[in-house]
Amino acid sequence: MSPSSASTQDLDRVAAGLAVCLPALVRAMERQVDRDYPHDKPSEAQLALLRHVETHDGVTVRSAAEALLMKPNNVSALVRQLTEQGLLERRQDAADKRIAHLHLTPAARQRVAEVTRLMGAHVAGALRALTDGERDALGSAVGALTSLERQLHHTAR
């Protein structure tokens, strides 16, 4: 077997493993947070929108949809849900009344922080159960996983 076919097989094995493992990690983390979170936990899509608005205060629905790789009508539905829950505010654009800018409410900031803290605590607890070598490997992989996410995000547009 040539080196290029061996590396292709390795690449396919890693890709398949990540494609199965990463969503399973997210589901496991969500289940643990659901159990410990005192409020109705926002869905993953709602949480993604809240986090995006947190870092891009005043973003429009269209811009948020593009950044989150979602359809604008789906983001509009999320905005409606989150507005009804008192977690998002829609403010009209001063120059164009058809455009609304999104802002987190204080309650949303608190809840996003709490969910993030719970997720971090659960992951930290799981990391403590791993060997030093496993923790080192995961620590080394964080940068690569972030780069992988950026690449997938870029090619999905």
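Residues numbered from 1 in each chain as written. Predicted model: local features only at pLDDT ≥ 70, side-chain atom pairs only at ≥ 80, totals over all residues. Heavy atoms only, no water.

### Considerations on the pattern of salt bridges
As a reminder of what qualifies: Salt-bridge detection follows one rule: a side-chain nitrogen of Lys or Arg within 4 Å of a carboxyl oxygen of Asp or Glu. Under the scheme applied here, a residue whose accessible area is under 20% of the maximum for its type counts as buried, over 50% as exposed, and between as partly exposed, the area being computed with a 1.4 Å probe on protein chains only.
With the rule as written, the count across this model stands at four salt bridges. Across the pair Arg35 and Asp36 runs a salt bridge whose closest N-O atoms are separated by 3.4 Å. Judged by its relative accessible area of 57%, Arg35 is exposed. According to the relative accessible area criterion, Asp36 is partly exposed, its value standing at 35%. Taking the shortest distance from any N to any O, the salt bridge between Arg98 and Asp96 comes out at 2.9 Å.

### Brief notes about the nonpolar core
Stated formally: Nine residue types can take part in a nonpolar core, namely buried Ala, Val, Leu, Ile, Met, Phe, Trp, Tyr and Cys, and a core is a set of them joined through side-chain atoms within 4.5 Å. Every helix listed is a DSSP run of H or I at least four residues long, and every strand listed is a run of E at least two residues long, numbered separately from the N terminus. We call two residues in contact whenever any of their non-hydrogen atoms come within 4.5 Å of each other.
Leu49, Leu50, Val53, Val75, Val79, Leu88 and Leu102 are the most contacted members of the largest nonpolar core, which has 23 residues in total. Broken down by secondary-structure element, the contributors of at least two residues to this core are helix H2 (44-55), helix H3 (61-68), helix H4 (72-84), strand S2 (100-104) and helix H5 (106-128). Per-element tally for this core: the top contributor is H5, with five residues. Excluding residues that lie within four positions of it along the chain, Leu102 makes contacts with Leu49, Val53, Asp57, Gly58, Val59, Thr60, Val61, Val79, Glu89 and Arg90.

None of the figures reported here should be taken as evidence of function without further support.
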